[in-house]
Amino acid sequence: MNALRLSPDGTRLVSVVQSLNADGKSYGAALWEIPQDPGGEPRRLTRSAKGEAGAEFAPDGTLLFVSRRPDETAKEAGGDSAALWLLPERGEPVRVATRPGGIGGVRAAGGTVVYSSEVLPGDAATEEERRKAREEAGVSAILHEGYPVRYWDHDLGPAQTRLFAGRAVREGLEDVRDLTPAPGGALDEHMSFDLTPDGRTVVATWRAPLPNGDVRWDLVAIDVADGSRRTLATSGGHDFGGPVTVSPDGRLVACVRERHGAEETAVALDLWVVDLDTGEGRAVAAEIFPAAVAWAPSSRELFFAADHQGRRPVFRVPLDGEVTRVTADDGAYAELCPAPDGSVYALRGAIDSPPRPVRIAADGSVTTLPSPTPALDLPGTLTEVTATAEDGTEIRGWLVVPAEATAEDPAPFLLWIHGGPLSSWNDWSWRWNPWLMARHGYAVLLPDPCLSTGYGQGMVERGWGDWGPATHADLMAITDECLKRPEIDEQRTAAMGGSFGGYMANWVAGHTDRFRAIVTHASLWNLDQFAGSTDGAHYWQREFGVPGSARYARLSPHRSLGEIRTPMLVIHGDKDYRVPIGEGLRLWWDLQRSGVESKFLYFPDENHWVLKPGNAIAWYETVLAFLSQHVMDEEWTRPPSLS
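Residues numbered from 1 in each chain as written. Predicted model: local features only at pLDDT ≥ 70, side-chain atom pairs only at ≥ 80, totals over all residues. Heavy atoms only, no water.

Peer 1: Tell me what's going on with empty space enclosed by the protein, and back it up with residues and numbers.
Peer 2: This model, assessed by the stated rule, comprises one cavity of 30 Å³ or more. What the largest cavity holds in volume is close to 30 Å³. Taken together, Ile351, Trp425, Asp427, Trp428, Ser429, Trp432, Pro434 and Leu446 make up the lining of the largest cavity. The residue inventory of the lining of the largest cavity, partitioned by class, reads six nonpolar, one polar and one charged. (1 Å grid on protein atoms, 1.4 Å probe; cavity = no way out; pocket = protein on both sides within 12 Å on 5 of 7 lines; lining within 4 Å. Points joined across faces, edges and corners; volume = space filled by probe spheres on them. Nonpolar A, V, L, I, M, F, W, Y, C, P; charged D, E, K, R; others polar.)

Rendered as structure tokens:
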């Protein structure tokens, strides 16, 4: 489950649920209605082969969604681009809007529907012909005149994100107009928007280019009637980002304000509220890392979910009061949907639970609702662990131990280092799932060292600009503490990490030989090389300085190549633009030329993560085979999926 929406009257709850397709090679998504009674049964609403996403309720209770499904009632199928569909409470879905570049996010209020679409620069009315001309001419080139040029796993341009608005009628949309005919990339990526309850104003994030390749994100208000735009919030040292949400009374806008990092100043995030008329803003919750934000129906308070001590609880903050914690359990909450009766519907995940729908009462009690996803039988136990760092700071984490581990038959140990680096182990993950490793007999430590979120700004500042040394010390402290446990084998150990965790895996490899094996996924190896080729070089330059400065040399793992003795498994995807493939290729060659025992698992068609079902199986099989060889002293066996 990856989305949850509550109807305006609070009577219907709909979720987007992803599942494996029948071919076993891809995933599909469908809309499901979730019963608000624990004794009810979930009901599937859509079944198209193309799948559905982007569910949003209109004020009258009809359900809007985005899908690539064909329209059987239309003379022209509309291509393979995602279109906007309307699902009445009774009846079949109706396609209400199409664009040559597809449709993305959608919002509906006050008789207005606003949606985003990727559009070639120029007149939107001639886009289809211009797209066809480029295709027929065999032109794939993109001419850039500013930064950035790529994002995550795809190129930016030549199409740019625009916002369109239409008047909602029974048959679909009328009077559709382009609200942002020349955005210049201002709405590309990261863009978040909402619509005022009267349907007259769109509030959106807006990317502003700065000198020397830097960028800033502002908050703007766009008039639906004429497309005029005014800036609501801007600051030379901050970004204003999503989630952007307008209060039910239409007076205020909530968003996240992020302070730009600098070489000596860490990033900091606030929950920010802006007056829609005056643009005056203030923080209602400071130095937090929110994952979800939603207004109470009264417009007098906000609910948000934010990282906190290895959890992601729900908090409540009145506009004129103090922040209070609502949920007291170990859950990681998302997709908050406040209801008229004072309760909040949400998705609740945790280290030991995939996301499931719940209802949170005003007193914080949580009721699990029926879910279309099956409950899982986990093969072990989850324990919270702590250790004391060199400077006296408490370092905490989660420890997964297989059920069969005992003092007489202890489990081998895996240290898993999270990415980010501004992140926390607090939620379920299918990509890095410790329970799959526990099923194979491994104990897994999920620590939150310095730079982890949910422990106050001081925890971030402890590792800011000092990634390797400071984080390494924290990781070794909590590893030492866990290896004292009798049910864990202190002799059979390995370390793993992805992204920043991969950077740290490389750092660990060059600064200790205590582990028998190291797995490094999508990892940073040569910081100077990474800094200029990643998709957001301006962000990292703020912390590390201009490429070639002393901080890169001091913190780059490749400088310790000569100290690496531990066998390493390198994993990288060619479509990874966050940590480009050059990092993996350079690391692999450096290990090979230095005689370090190593293997390279390469995915030509994956990005920063491994998402395709078959490739995910190959990932786990290869990691387990590598660990079996070096941690369990078994003979190397080539993974079945790669035979």
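And the narrative resumes.
Peer 1: Now, about the nonpolar core: what can you tell me, with residues and values included?
Peer 2: Among the nonpolar cores identified, the biggest contains 57 residues, and Leu415, Leu445, Trp467, Tyr503, Leu527, Ile564 and Leu591 are the most heavily contacted of them. For this core, the element with the most residues is helix H5 (residues 500-511), which contributes seven residues. When neighbours within four sequence positions are excluded, tyrosine 503 is seen to be in contact with Trp467, Gly468, Ser523, Leu524, Leu527, Leu555 and Pro557. Within the second largest apolar cluster, 31 residues are counted, among which are Trp428, Ala517, Ile571 and Val610. (Core = buried A, V, L, I, M, F, W, Y, C linked by side-chain atoms within 4.5 Å. Buried < 20%, exposed > 50% of the residue type's maximum accessible area, 1.4 Å probe, protein only. Helix = DSSP H or I, 4+ residues; strand = E, 2+ residues; numbered from the N terminus. Contact = heavy atoms within 4.5 Å.)

Peer 1: Can you break down the packing of helix H4 (residues 467-482) against H5 residue by residue, with the values?
Peer 2: The geometry of a pair of packed helices is captured by two quantities: the angle between their axes and the separation between those axes. One way to put it is that H4 packs onto H5 with a least axis distance of 10 Å and a crossing angle of 80°. When the interaxial angle is binned, H4 and H5 end up roughly perpendicular. On H5, the residues that touch Trp467, Gly468, Pro469, Thr471, His472, Leu475 and Met476 of H4 are Phe500, Tyr503, Met504, Trp507, Val508 and His511. Residue composition of the contact of H4 with H5, by class: nine nonpolar, four polar and no charged. (Axes fitted to C-alpha atoms, helices over the stretch in contact; angles between N-to-C directions. Parallel < 35°, antiparallel > 145°, perpendicular 65-115°, else oblique.)

Peer 1: If you had to explain the pattern of salt bridges to someone new, which residues and values would you point to?
Peer 2: Using the criterion set out here, one finds 38 salt bridges in the structure. Across the pair glutamate 174 and arginine 167 runs a salt bridge, and its minimum N-O distance is 2.6 Å. The partly exposed category is assigned to glutamate 174, whose relative accessible area is 35%. As a salt-bridge pair, arginine 578 and aspartate 535 come within 2.7 Å of each other at their nearest N and O atoms. (Salt bridge = Lys/Arg side-chain N within 4 Å of Asp/Glu carboxyl O.)

Peer 1: Just give me the short version of the side chain of aspartate 218, but keep the residues and values in it.
Peer 2: Secondary-structure assignment places aspartate 218 in strand S17 (residues 215-223). Looking at aspartate 218, its side chain comes within polar contact range of the side chain of arginine 216, at 2.8 Å. Among all residues touching aspartate 218, those that are not within four sequence positions of it are Ala204, Thr205, Trp206, Ala208, Ala233, Thr234, Ser235 and Phe240. (Polar contact = N/O pair within 3.5 Å; in protein donor to acceptor, adjacent residues only side chain to side chain.)

Peer 1: Give me the pairing of strand S14 (residues 172-178): which residues, what numbers.
Peer 2: Sheet analysis places strand S13 (residues 160-169) next to S14, joined by five bridges and oriented antiparallel. Its bridge partner being in S14, valine 169 is matched across the sheet by glycine 172. Connecting S13 to the next strand, S14, in antiparallel fashion are two residues. (Pairing = 2+ DSSP bridges.)

Peer 1: How would you explain the side chain of glutamine 629 if you had to name every residue and give the values?
Peer 2: Mapping glutamine 629 onto the fold places it in helix H10 (residues 613-630). The residues touching glutamine 629, leaving out its near neighbours within four places in the chain, are Glu597, Lys599, Glu634 and Trp636.

Peer 1: Go over the packing of aromatic side chains with me, naming the residues and quoting the values.
Peer 2: Throughout the structure, instances matching the rule amount to 19 aromatic pairs. Between tryptophan 588 and phenylalanine 600, the ring centres sit 5.6 Å apart and the planes meet at 35°, which makes this aromatic pair tilted. Taken as a pair, tryptophan 588 in helix H9 (residues 581-593) and phenylalanine 600 in strand S38 (residues 598-603) lie far apart in primary sequence, twelve residues in all. Residue class for tryptophan 588 comes out partly exposed when judged on its relative accessible area of 23%. Over the ring of phenylalanine 515 we find arginine 514; its NZ or CZ atom is 5.7 Å from the centre of that ring. (Phe/Tyr/Trp six-rings, centres within 6.5 Å; stacked < 30°, edge-to-face > 60°. Lys NZ or Arg CZ within 6 Å of the ring centre and 35° of its normal.)

Peer 1: Please set out the pairing of strand S1 (residues 3-6) residue by residue, giving values where relevant.
Peer 2: Bridge analysis of S1 against strand S2 (residues 13-20) gives four bridges, and the strand direction is antiparallel. The partner of leucine 6 across the bridge, within S2, is leucine 13. Between S1 and S2, which follow one another and run antiparallel, lie six residues, and glycine 10 among them has a positive phi close to 80°.

Peer 1: So what's going on with the sheet that holds strand S9 (residues 106-109)? Residues and values would help.
Peer 2: In spatial order, the strands read S9-S10-S13-S14; together these four strands make up an open sheet with antiparallel pairing. The sheet is open, and its two borders are formed by S9 and S14, each paired with just one other strand. Each adjacent strand pair in this sheet contributes to an overall mean axis angle of 30°, direction not counted. Bridging between S9 and strand S10 (residues 112-119) involves four bridges; their strand directions are antiparallel. Each bridged residue has a counterpart across the sheet, and for valine 106 the counterpart in S10 is tyrosine 115.

Peer 1: I'd love a proper account of the environment of aspartate 218, names of residues and values included.
Peer 2: We classify aspartate 218 as buried; its relative accessible area is 7%. Taking the C-alpha atoms as reference, aspartate 218 lies 4.9 Å from threonine 234; in sequence the two are 16 residues apart.

Peer 1: Lay out the environment of arginine 130 with the relevant residues and their values.
Peer 2: Within the secondary structure, arginine 130 is located in helix H1 (residues 127-137). Separated by 457 residues in the primary sequence, arginine 130 and leucine 587 have C-alpha atoms spaced 43 Å apart. Beyond its immediate chain neighbours, meaning those up to four positions away, arginine 130 contacts Leu120, Pro121, Gly122, Asp123 and Ala124. For arginine 130, the side chain forms a polar contact with the main-chain oxygen of proline 121, separated by 2.6 Å. Only 2.8 Å separates the side chain of arginine 130 from the backbone oxygen of aspartate 123, close enough to count as a polar contact.

Peer 1: Quick rundown of the sheet that holds S1? Include the residues and the values.
Peer 2: Read across the sheet, four strands follow the order S1-S2-S3-S4 without closing on themselves; strand pairing throughout is antiparallel. The sheet is open, and its two borders are formed by S1 and strand S4 (43-44), each paired with just one other strand. Sheet topology places strand S3 (residues 27-33) next to S4; two bridges connect them, and they run antiparallel. Bridging from a neighbouring strand, glutamate 33 pairs with arginine 43 of S4.

Peer 1: Account for H4, with residues named and values stated.
Peer 2: Here H4 spans 22 Å end to end across 16 residues, near enough to the 22 Å set by a 1.5 Å rise per residue. Summarising burial for H4: twelve of the 16 residues are buried, a large majority. Listed in full, the buried residues belonging to H4 are Trp467, Gly468, Ala470, Thr471, His472, Asp474, Leu475, Met476, Ala477, Ile478, Thr479 and Cys482. (Expected span 1.5 Å × (residues − 1).)

Peer 1: Kindly report on the environment of proline 447, identifying the contributing residues and their values.
Peer 2: Here proline 447 is to be found in strand S34 (residues 443-448). Taking the relative accessible area as the measure of exposure, proline 447 reaches 1% and is therefore buried. As a C-alpha pair, proline 447 and tryptophan 525 span 78 residues in sequence and 22 Å in three-dimensional space.

Peer 1: Outline the state of the cysteines, listing residues and values.
Peer 2: Counted according to the given criterion, the structure contains zero disulfides. The structure places no disulfide on cysteine 337, whose sulfur is separated from the nearest cysteine sulfur, that of cysteine 255, by 20 Å. Residue cysteine 337 is classed as buried on the basis of its relative accessible area, which comes to 9%. With no disulfide partner, cysteine 482 has as its closest neighbouring cysteine sulfur the one in cysteine 450, 17 Å distant. On the basis of relative accessible area, cysteine 482 is assigned to the buried category, the value being 1%. (Disulfide = S-S within 2.5 Å.)

Peer 1: An account of unusual backbone geometry is needed here, citing residue identities and associated values.
Peer 2: A cis amide bond links tyrosine 147 with the next residue in sequence, proline 148, at an omega value of 5°. Tracing the backbone through its elements, the reader meets proline 148 in the loop between H1 and strand S11 (150-151). Backbone geometry places asparagine 212, a non-glycine residue, at a positive phi of 60°. By the element assignment, asparagine 212 lies in the loop between strand S16 (201-209) and S17. Even without being a glycine, leucine 451 presents a positive backbone phi close to 80°. Following the sequence through the fold, leucine 451 ends up in the loop between S34 and helix H3 (457-463). Among the residues examined, leucine 451 registers a relative accessible area of 0% and is labelled buried.

What is shown is where atoms sit, not what they do.
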